[in-house]
Amino acid sequence: MIKVENLTKKFGENEVLSNISTEIKKGEVVSIIGPSGSGKSTFLRCINLLEKPTEGTILVDEENLTDPKTNILKVREKIGMVFQHFHLFPHLNVLDNLTYAPMKVKHLSKDQAEEKARGLLAKVGLTEKETAYPSSLSGGQKQRVAIARALAMEPDLMLFDEPTSALDPEMVKEVLDVMKDLAHSGMTMAVVTHEMGFAREVADRVLFLDHGVLVEEGEPNSFFTAPKTNRAADFLEKIL
Amino acid sequence: MNLDFSQIVPYIPFMLEGIWVTLQFVFVAIIFGFILGTVLALFKIGSIRPLRWFADAYTSIFRGTPLILQLMIIYFAIPQLTGYDIQPFLSAVLAFGLNSSAYVSEIIRAGIQAVDKGQTEAAQALGVPYRQMMIDVILPQALKNILPALMNEFITLTKESALVSTISYLDLMRRAQVVGADLYRNFEPLLFVGLLYWLMVMGLTILGKLVERRLRLSD
Ligand SMILES: Nc1ncnc2c1ncn2[C@@H]1O[C@H](COP(=O)(O)OP(=O)(O)OP(=O)(O)O)[C@@H](O)[C@H]1O
Ligand SMILES: [Mg+2]
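Residues numbered from 1 in each chain as written. Chains lettered and ligands numbered in written order. Predicted model: local features only at pLDDT ≥ 70, side-chain atom pairs only at ≥ 80, totals over all residues. Heavy atoms only, no water.

### A word on a nonpolar patch on the surface
Residue and element names in this part refer to chain B. On the surface, a nonpolar cluster with roughly 700 Å² of combined accessible area is contributed by Phe 27, Val 28, Ile 31, Ile 35, Val 39, Tyr 84, Phe 89 and Leu 90. Of all the elements in the fold, those that place two or more residues in the nonpolar patch are helix H1 (12-45) and helix H4 (88-114). With five residues, H1 is the single largest residue contributor to the nonpolar patch. Structurally, Ile 31 can be placed in helix H1. With relative accessibility at 40%, the residue Ile 31 sits in the partly exposed group. (Patch = residues over 30% accessible without salt bridge, like charges linked within 9 Å, V, L, I, M, F, W, Y side chains within 5 Å. Areas by Shrake-Rupley, 256 points an atom, 1.4 Å probe, with all protein chains shown as cover. Salt bridge = Lys/Arg side-chain N within 4 Å of Asp/Glu carboxyl O. Helix = DSSP H or I, 4+ residues; strand = E, 2+ residues; numbered from the N terminus. Buried < 20%, exposed > 50% of the residue type's maximum accessible area, 1.4 Å probe, protein only.)

Listed below in structure tokens is the structure:
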């Protein structure tokens, strides 16, 4: 589904990602972990071109994102993204947050979009918040709305950038539960997270980044119990 | 002290009519200035260099010279250069609208840049095209934040509109002068239209507060 080849990203002289190659298959859940500043967010943001890769290619369903002829908007329609700080539209209520893009981008009718949105709100357990504005929601509720908003576009792939890092501890679970459901429903997911429990339990594969280098990737159980590299071992020792 | 307001009574309808005359061109100038100001603001934050340069130069010129000079140039220079006999109303709308757009564009630019960058990213990630994103996501949030500053600009424009009396446009101010010349007393008519200006500005202020309160409902 996604093939990253020799991806390099520089901000000026600062090389943030170095020659990364990997693949994410359809239905796979990949966790991206690594120390702060290692380039996890940048890697994720390159996949939907919020950052422009300096070198290398990214293929999404055989479509080359780095080809100038590619319609970026079309590609982004198929890739949902969930941010650490939610970024809900504060001037729209919950339902309108969910229906906005399907109506404006995919040209669904209002009825179609609302029906779909209500289904998703039920799925994330927020049916009664339909007319609430984002500012009246808790962090966990905001993030669940943000996930539903991304799903409303019916993406083939979901990107999560530390979706629980800005939440109070008691709200982490409600968001992770929604993500687990999503993973079990067969969604392809790339999740940057500090929740090692989630990575271990839900992910099919773990990518470990350090200083912009993809140091190690593998199946979570063996990665967490017996990392192959010293850098991964050091990192795990510090956080576990 | 020799004040006699009874003398201006016959002239009151004439002066009240000035409210309408003033409001008419102020209203058109505000709308014109707001639309042009929005476009200039979008030029300023956009990625097209010549447009950015144009908008900055425009702002610099219209903020850097007196409004009365701009008004005179439009009123006197256009007929001289083109032969087109421009009406006071059109000159006034042009001068005030063009001038106001320079200030409005700065207010809106700052308002747009103050909107959280995450909003842009969220819209982009959903595949929303730039234009649509600006109209539906960024501008509404920017406008809400800058409403007090915009209201201020509109109030300034309303008061400064008295300058058009210099091109013999029969606005509120000009009417006070006409009445003053007729009666050989200036103080009473000036005081009277002063009250009318104040009432118009109060009206605008209250309108602004109402709009602000409506927008704040979503918080
Ligand atoms: N827009 C930018 N301009 C310049 N440098 C940037 C930009 N975005 C990120 N960086 C730099 O790139 C490096 C990697 O940043 P990135 O946000 O990808 O790290 P991260 O692994 O997500 O870290 P964290 O766990 O703290 O979120 C950092 O050194 C950061 O300062
Ligand atoms: Mg990050």
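### As for the sheet that holds strand E9 (residues 205-210) of chain A
All names here are of chain A. Judged by pairing direction, the sheet is mixed, and its six strands sit side by side in the order E6-E7-E8-E3-E9-E10 without closing on themselves. A single partner strand is all that each edge strand has here, and the edge strands are strand E6 (79-82) and strand E10 (213-218). Sheet twist, expressed as the average angle between the axes of neighbouring strands with direction ignored, equals 15°. Bridging between strand E7 (residues 157-161) and strand E8 (residues 188-192) involves five bridges; their strand directions are parallel. (Pairing = 2+ DSSP bridges. Axes fitted to C-alpha atoms, helices over the stretch in contact; angles between N-to-C directions.)

### Looking at the UniProt feature "domain: ABC transporter" (unreviewed entry) in chain A
In the numbering used here, UniProt assigns the "domain: ABC transporter" (unreviewed entry) feature to residues 2-236 of chain A. The straight-line gap between the two end C-alpha atoms of residues 2-236 of chain A is 27 Å; of that span, 37% is helix and 26% is strand. (UniProt positions renumbered as here; feature names shortened; annotations may be inferred.)

### Points about the environment of Val 192 of chain A
Residues and elements named next belong to chain A. For Val 192, the position within the fold is in strand E8. In this structure Val 192 comes out as buried when scored by relative accessible area, which is 0%. Residues Val 192 and Ile 32 lie 160 residues apart in sequence; the distance between their C-alpha atoms is 4.6 Å. For Val 192, the residues in contact, after removing those within four places along its chain, are Ile 32, Lys 40, Leu 44, Phe 160, Asp 161, Glu 162 and Pro 163. (Contact = heavy atoms within 4.5 Å.)

### Observations regarding the interface of chain B and chain A
The interface is formed by 20 residues belonging to chain B together with 23 residues belonging to chain A. Roughly 1800 Å² of surface becomes buried between chain B and chain A when both sides are summed, with 61% attributable to carbon and sulfur atoms. Between the two partners, chain B and chain A, sit two salt bridges. Among the salt bridges present, the one from Lys 104 of chain A reaches Asp 136 of chain B, with a minimum N-O distance of 3.1 Å. Viewed at the interface, chain A and chain B are joined by five residue pairs in polar contact (both at pLDDT 80 or more). When residues of the side of chain B that touches chain A are traced back to their parent elements, those giving at least two are helix H5 (117-125) and helix H6 (130-160) of chain B. A per-element tally of the side of chain B that touches chain A places H5 of chain B first, with seven residues. Among the residues forming the side of chain B that touches chain A, the class breakdown is nine nonpolar, seven polar and four charged. (Buried area = accessible area lost by both parts, 1.4 Å probe. Polar contact = N/O pair within 3.5 Å; in protein donor to acceptor, adjacent residues only side chain to side chain. Nonpolar A, V, L, I, M, F, W, Y, C, P; charged D, E, K, R; others polar.)

### Considering the packing of aromatic side chains
Here the structure, examined in full by the defined rule, presents ten aromatic pairs over all chains. Between Phe 223 of chain A and Phe 224 of chain A the ring centres are 5.3 Å apart and the planes differ by 85°, which places this aromatic pair in the edge-to-face class. Their ring planes at 70° and their centres at 5.4 Å tell us that Phe 25 of chain B and Phe 96 of chain B sit as a pair that is edge-to-face. Here Phe 25 of chain B, found in helix H1, pairs with Phe 96 of chain B, found in helix H4; they are 71 residues apart in sequence, far enough to count as distant. Just as Phe 25 of chain B is buried, Phe 96 of chain B falls in that class too. Taken together, the ring pairs in this structure connect Phe 208, Phe 223, Phe 224 and Phe 235 of chain A into an aromatic cluster. Taking the ring centre of Phe 89 of chain A as reference, the NZ or CZ of Arg 149 of chain A above it sits at 4.6 Å. Positioned over the ring face of Phe 14 of chain B is Arg 175 of chain B, at 4.8 Å from the centre of the ring. (Phe/Tyr/Trp six-rings, centres within 6.5 Å; stacked < 30°, edge-to-face > 60°. Lys NZ or Arg CZ within 6 Å of the ring centre and 35° of its normal.)

### Remarks on the UniProt feature "transmembrane region" (unreviewed entry) in chain B
All names here are of chain B. UniProt annotation of "transmembrane region" (unreviewed entry) refers to residues 20-43, 55-78 and 190-211 when read in the numbering used here. Its end C-alpha atoms 34 Å apart, residues 20-43 is made of 100% helix and 0% strand. For the annotated span residues 190-211, helix accounts for 100% and strand for 0% of the residues, and the straight-line distance between the end C-alpha atoms is 32 Å.

### Some thoughts on unusual backbone geometry
Among all residues except glycine, the phi angle is most often negative; among peptide bonds, the trans geometry is most common. Residue and element names in this part refer to chain A. Of note, the phi angle at Asp 61 is positive, near 50°, even though the residue is not glycine. Considering the arrangement of structural elements, one finds Asp 61 in the loop between strand E4 (55-60) and strand E5 (63-64). Positive phi is not limited to glycine here, since Glu 62 has a value of about 70°. The topology assignment puts Glu 62 in the loop between E4 and E5.

### Focus: helix H1 (residues 40-47) of chain A
Residues and elements named next belong to chain A. By the criterion of burial, H1 is predominantly enclosed, with seven of the eight residues buried. When we look at burial in H1, the residues that qualify are Lys 40, Thr 42, Phe 43, Leu 44, Arg 45, Cys 46 and Ile 47. Downstream of H1 by one or two residues, Leu 49 has phi in the positive range, about 60°.

### Brief notes about the site of ligand 1
Residues and elements named next belong to chain A. As a matter of local geometry, ligand 1 sits amid Phe 11, Val 16, Pro 35, Ser 36, Gly 37, Ser 38, Gly 39, Lys 40, Ser 41, Thr 42 and Glu 162. Measuring from an oxygen atom of ligand 1, one finds a backbone N or O atom of Gly 39 at 3.0 Å. In the environment of ligand 1, an oxygen atom lies 3.2 Å from a nitrogen or oxygen atom belonging to the side chain of Glu 162. When ligand 1 is considered free in solution it has 640 Å² of accessible area, and contact with the protein chains removes 59% of it. If one sorts the elements of the shell around ligand 1 by residue count, H1 sits on top with three residues. Residue composition of the shell around ligand 1, by class: three nonpolar, six polar and two charged. (Near = heavy atom within 4 Å.)

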